Amino acid sequence: MNYGVTRGYAPETRIGRQLINVGLYKRLILTGGLTIGMAGTGAIAQTVGDADNGRHLEALPNWQFTTDAVDPTDGAASSSDAEWTAVTLPHTWNAQDGSDGGDNYYRGDGWYKTTFDVTENLGDRRVFVQVGAANEIAEVFVNGTRVGTHAGGYSAFRFDLTDELVEGSNDIAIKVNNAPHRLPPIDADFTFFGGLYRSVALVEVAPVHVDLTDFGGPGVYLTTESVTDDAAEVAARVKLANDGDDERRVTLRVQVFDDGDAVVAEAENAVTLATGAREERTLELSISDPRLWQGRADPYLYRAVTTLVDTDGNVLDEVTEPLGVREIEIDPQDGFLLNGESMPLRGVSYHQDVEGAGFAATDDQKRRDFGIMDELGANSVRLAHYQHSRSVYDLADEFGMVAWAEVPVISEVDLTDAYAQNARQQMQELIRQNYNHPSIAVWGIWNEVSLQSASDVSSLLTDLNALAKAEDPSRPTTAAVLGRLGPEEPVMNITDTVGQNLYFGWYYGNPTGDLGAWLDELHAAAPDLPIGVSEYGAGAGPSIQAETTVQQDHTETYQADYHEEAYLQMKERPWLWSTFVWAMFDFASDARDEGEGPGINDKGLVSRDREVRKDAFYWYQANWSEDPVLHMTGKRLVERQRGDVTVEVYSNLPEAELFLNGTSMGVVETPESGRLNWKIELSSGTNSLEVVAVADGETIADTAEWELVTNDDTLLVSRLVAVDGEADRVVNLPYGTVIDDMPDLFDLPFGASFEFGDRPGDTPLAVGDTFTVVAQNGDRRDYTVAEGALSEGRRVQANREGVGGGLPDGPAALAVDGDAEFPTDMTDGGFWHTRDVLQIPAWIKVDLGAEYYVSAVDVAWFDPDTTVEGTGSMTYRVDAAPEEERSFAVFNESYEPVFDDRETDEDGRTQDDVGQVARYIRVTIDSSDYYMMRDGEPFQNKGLTEMSVYGGLVYSDELDIDYRAKTIQAGSLSAEDVAAELQTIGDGSDVEIVDGAIVVTAGDGQRRERYEITSG
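The rules we used
- Residues numbered from 1 in each chain as written.
- Predicted model: local features only at pLDDT ≥ 70, side-chain atom pairs only at ≥ 80, totals over all residues.
- Heavy atoms only, no water.
- UniProt positions renumbered as here; feature names shortened; annotations may be inferred.
- Helix = DSSP H or I, 4+ residues; strand = E, 2+ residues; numbered from the N terminus.
- Buried < 20%, exposed > 50% of the residue type's maximum accessible area, 1.4 Å probe, protein only.
- Contact = heavy atoms within 4.5 Å.
- Pairing = 2+ DSSP bridges.
- Axes fitted to C-alpha atoms, helices over the stretch in contact; angles between N-to-C directions.
- Expected span 1.5 Å × (residues − 1).
- pLDDT = per-residue confidence, 0-100.
- Salt bridge = Lys/Arg side-chain N within 4 Å of Asp/Glu carboxyl O.
- Parallel < 35°, antiparallel > 145°, perpendicular 65-115°, else oblique.
- Left-handed = near helix turned anticlockwise from the far one by under 90°.
- Nonpolar A, V, L, I, M, F, W, Y, C, P; charged D, E, K, R; others polar.
- Core = buried A, V, L, I, M, F, W, Y, C linked by side-chain atoms within 4.5 Å.
- Patch = residues over 30% accessible without salt bridge, like charges linked within 9 Å, V, L, I, M, F, W, Y side chains within 5 Å.
- Areas by Shrake-Rupley, 256 points an atom, 1.4 Å probe, with all protein chains shown as cover.
- Lys, Arg positive; Asp, Glu negative; His and termini not counted.
- Charge placed at Lys NZ, Arg CZ, Asp CG, Glu CD.
- Polar contact = N/O pair within 3.5 Å; in protein donor to acceptor, adjacent residues only side chain to side chain.
- Phe/Tyr/Trp six-rings, centres within 6.5 Å; stacked < 30°, edge-to-face > 60°.
- Lys NZ or Arg CZ within 6 Å of the ring centre and 35° of its normal.

- An unreviewed UniProt entry lists the protein chain under the name Beta-galactosidase/beta-glucuronidase, with Palleronia aestuarii given as the organism.
- According to its UniProt record, the protein chain has this under Sequence similarities (unreviewed entry): "Belongs to the glycosyl hydrolase 2 family."

Here you go:
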């Protein structure tokens, strides 16, 4: 596929990596088509009508804000009941509650108002309001009259205010609403910050002007039709409007300027426009000896200036747009090519989110972010999951970052006309407003909508893809597809290219090898499909450190290890057209509760406040950047309990030398991966480490200080056996476990050991037996062997937990401790609750550690005797997911419903049959009106006391199996007949008869169960 496309603007002052002229830059801002994202400073006078003939743009300052109810028809929107607060745009009302966790941030109405003056000199000129973005639905009122409504929280829009203006003072009020709507996006893993989070400006133009009503676009669209060493042929398509009362004859002129302000191409055409006309003209331009936009290597930008001149020589309108000359090709075998040269896209994903302001980032903050991406060495950026501001695409042009631009068709899709119409509108706005940016290589049509299995959305996605192709035939389309979908899936065959969101080693699978194996399998099955990796990543909090790491532990070390393995596997496959780290920065996702704290997705390479570059950042910098890199990992893991340490350093320099307490540990040559290792032995107490290397004749160094301490850890870890660290129990040991088996079933902390007294190694361990784990420092912990439900002691998660907030703590872990007694003292914990009752469903899920046949789920809700009379009913549902999760959206796994909404108000307990093979069981509470008495006051709660999951390694359609008692009712059947009736889960399972009982061994060879045969 070959796509010759243009875009870019090229003024001249040092901004990032591009030299731009300040005077030209200012002229672009004040007279260019769109300045979306330019924050108002309050320094521009709010007066309309004193302009000359040309176009003028003024940012509107002095805004006031309220969430109170407002009647906009009162002109000034000055309801006596409303309390207004002065704010500066960009602004969001969720700056604080949108990232504190709980998924309970304010979603509703917010009102903004300001005033501006109109002079008597306005005459027949037109005035438009230009809104950079308002999340999610905006209504604009001028002097009490609604002038327009816009749905879609990420694109710019304009409304003509002229007919409602009066001489003198004019009031403008904008109502913004971010309540849940069934429009894109319906649901996503980020906070939907409400507000006017980009600039608002007035645009004043002559009656004849470049059209301002073209889906918020500039009205000028530049396409490079062909490129050779000698010339670039460019078509300038211009949309014109005559809003005056008379027919007008004008000259349309397009000029292309280089970075020295010299005209390198121009064309003009005489145009006669009837009153009320909307017409389009195309002018052909030829640039001799074109200098190409070459990404980071040379992000060269021309600028195209379109002017309308009347018969007296007056300039009626002028629009400046970027022009970058370049060609792209995306090939199934050769990957991404820029101007005929291979350039694998190694990039990051970027949300418009900053700490303390959410979506309301300033242009300075966005420039800072691109500077950090530039420091990383990334050559591309996925602008997820929606349209970003004009300034962001300008920065991508300027820094030479190839961009993936997309619309917010995410996860859940409504097959309604309203949803489809709005998705089409947002697609047209994205393309028309950003058509002229050379950085944009692909239009993204959706993200993970295949998560929704209830409806076939292929027809809608096909329609959106066709619309994107019609809007811009010069660029390919793409989609971020749910990971591990094969080429037979309809969503894999709609767009020109695809990316897959793949999280092997985080949400599923193994970090070493699984990603590469899947990519090879997919490429072999679809050799003619250009394939990329649109997301991959792992979460980490810089304060979360551990010497031994496990999947999803959010340690900085695991994240770095994950990225090392993932990147090297993708690097070996040059046919991948793109790979995008998820994500560049931590960002707000108020429904999350993980890592260092609630409300944040911590998969960023850099912290949300931009203060901390995690170790994984330097891994990519060593592989991508041309600047010298030398970074020692694990520096924040200061207190260490293992003396034998592997020191790992990331570098792109030829070699490095490590010193431990002043003694050289040797010089190591840097391998192609950029990962150097030394094995050392720490001394007791403080250890000083320094790694040094030479860059351009100068010595650079990185240092760390580690403290070797004695390990006091006694907590066991097991992949197969449940460990209840609160009650010091190991639950459901495999049948027949003997003492010698224990080291294979459990991971001991470093330096720790088992103690079993004088019992020999072949001694079986039975329920009630005890043993001891002795820490390296001599601390001891006694464990008891226990038996219970499959869920006891297992890992449990919930989308909200009522920890703190003035109520009894209610973490999800309390719901799987095996204690199903109803709480009677509501001042203490002992149950899971969600702190508040919201319309959003609350879910709790348990990971059984492996697949089992799940027979039933028992739930103890709350004691009816403690509830307020007339309350105590709830509606809930149960879902099950197998071992092989598909990907992550809101939940990690792909669930199948056991049953949909069920209401209970009987005795506070329920038992529901499941009858599925599953690893994950999820209970979702859709509504609840449980009220219990706490300190004499009603306490409303959404939650439960205990969930118990029962099942085992076998099942039968013919026999009754009691999974609690581990018995099988055989009637008159022999043991052999019973064994023949049993079905096992997974491959390699074995059923045998031992001393008249049934013994089942799972395919993993470690899980074993014993069932007594009864005749009752």
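### Regarding the overall build of the protein chain
Inference 1: Of regular secondary structure, the protein chain possesses 10 helices and 65 strands.
Inference 2: When each of the 1016 residues of the protein chain is scored for burial, the buried share is 60%.
Inference 3: Of all intrachain contacts in the protein chain linking residues separated by at least 6 positions in sequence, the fraction that spans at least 24 positions is 70%.

### Structural notes on the sheet that holds strand E9 (residues 126-131)
Backbone-to-backbone hydrogen bonds join strands into a sheet, with any given pair of strands oriented parallel or antiparallel.
Inference 1: The strand order across the open sheet formed by 4 strands is E5-E14-E9-E12, and the pairing between neighbours is antiparallel. Pairing within the sheet leaves two strands with one partner each, and these edge strands are strand E5 (56-59) and strand E12 (157-160). Each neighbouring strand pair of the sheet contributes to a mean axis angle of 25°, computed without reference to strand direction.
Inference 2: Pairing between E9 and strand E14 (residues 200-205): 6 bridges, direction antiparallel. Within the sheet, the bridge partner assigned to Val129 lies in E14 and is Leu202.

### Considering helix H4 (residues 417-434)
Inference 1: The terminal C-alpha atoms of H4, which comprises 18 residues, lie 26 Å apart, in line with the 26 Å expected from a rise of 1.5 Å per residue.
Inference 2: Listing the buried residues of H4 in full gives Tyr419, Asn422, Ala423, Gln426, Met427, Gln428, Glu429, Leu430, Ile431, Arg432, Gln433 and Asn434.

### Observations concerning the pairing of strand E8 (residues 109-118)
Inference 1: Most of E8 sits inside the fold, with 7 of its 10 residues counted as buried.
Inference 2: By the bridge criterion, 10 bridges tie E8 to strand E13 (residues 168-177) in an arrangement that is antiparallel. The residue of E13 that forms the bridge with Gly110 is Val176.

### A short note on the confidence of the model for the protein chain
Inference 1: Here the protein chain shows a mean pLDDT of 89. Residues at 70 or above account for 88%.
Inference 2: Below pLDDT 50 for its whole length, residues 885-892 participates in 38 contacts with residues either more than four positions away or in separate chains.

### Brief notes about the pattern of salt bridges
Inference 1: Per the counting criterion, the structure on display carries 54 salt bridges.
Inference 2: Arg675 is the partner of Glu564 in a salt bridge, and the nearest nitrogen-oxygen pair spans 2.6 Å. Linking Glu564 in helix H7 (residues 556-571) with Arg675 in strand E41 (residues 675-681), this pair joins segments that are 111 residues apart in sequence.
Inference 3: Linking Arg642 and Asp644 is a salt bridge whose minimum nitrogen-to-oxygen distance equals 3.6 Å.
Inference 4: Via salt bridges that share partners, Asp109, Glu139, Arg146 and Lys175 belong to a single interconnected network.

### Let's talk about the packing of H4 against helix H5 (residues 458-471)
Inference 1: Where H4 meets H5, the axes come as close as 10 Å, and the angle between the chain directions of the two elements is 25°. In this view, H4 runs roughly parallel relative to H5, as classed from their interaxial angle. Pair H4 / H5 crosses with right-handed handedness. Contacts between H4 and H5 pair Tyr419, Ala420, Ala423, Arg424, Met427, Gln428, Ile431 and Arg432 from the former with Leu460, Asp463, Leu464, Leu467, Ala468 and Glu471 from the latter.
Inference 2: Its residues placed into classes, the contact of H4 with H5 shows 9 nonpolar, 1 polar and 4 charged.

### Structural notes on the nonpolar core
Inference 1: Core analysis: the biggest nonpolar cluster contains 106 residues, and Phe370, Val409 and Trp446 have the highest contact counts within it.
Inference 2: Setting aside chain neighbours within four positions, we find Phe370 in contact with Tyr350, Val381, Val392, Leu395, Ala396, Phe399 and Met401.
Inference 3: Membership of the second largest hydrophobic core comes to 49 residues, among which are Ala842, Ala880, Leu953 and Ala1002.

### A look at the sheet that holds strand E39 (residues 655-660)
Inference 1: Reading across the sheet, the 5 strands line up as E37-E43-E42-E39-E40 and stay open at both edges, with mixed pairing between neighbours. The open sheet terminates on both sides in strands that have one partner only, identified here as strand E37 (639-640) and strand E40 (663-669).

### Topic: H7
Inference 1: With 16 residues, H7 should cover 22 Å at 1.5 Å per step; its first-to-last C-alpha distance of 22 Å lies within 8% of that length.
Inference 2: Most of H7 sits inside the fold, with 12 of its 16 residues counted as buried.
Inference 3: For H7, the set of buried residues is Glu556, Tyr558, Gln559, Ala560, Tyr562, His563, Glu564, Ala566, Tyr567, Leu568, Gln569 and Met570.

### Overview of a negative patch on the surface
Inference 1: Together, Asp957, Glu958, Glu976, Asp977 and Glu981 make up a region of like negative charge exposed at the surface.
Inference 2: As for its position among the elements, Glu958 is in the loop between strand E59 (954-955) and strand E60 (960-962).
Inference 3: Look at Glu958 and you get exposed, because its relative accessible area is 59%.

### Some details on the side chain of Asn465
Inference 1: With respect to the helices, strands and loops of the structure, Asn465 is situated in helix H5.
Inference 2: Residue classification places Asn465 among the buried residues on the basis of a relative accessible area of 9%.
Inference 3: At 3.2 Å, the side chain of Asn465 and the backbone oxygen of Ile494 are in polar contact.
Inference 4: Excluding residues within four positions of it along the chain, Asn465 makes contact with Ile445, Thr477, Ile494 and Thr495.

### Points about the packing of aromatic side chains
Inference 1: Inspection of the entire model under this criterion finds 38 aromatic pairs.
Inference 2: With centroids separated by 5.9 Å and ring planes inclined at 15°, the aromatic side chains of Trp404 and Trp577 adopt a geometry described as stacked. Note that Trp404 is positioned in strand E28 (residues 402-406) and Trp577 in the loop between H7 and strand E33 (578-581), a separation of 173 residues in sequence. Each member of the pair, Trp404 together with Trp577, is buried.
Inference 3: Ring pairing ties together the aromatic residues Tyr154, Phe190, Phe192, Phe193, Tyr197, Phe359 and Tyr386, which thus form one cluster.
Inference 4: One Lys or Arg, Arg640, reaches over the ring of Trp706 and ends 3.5 Å from the middle of that ring.

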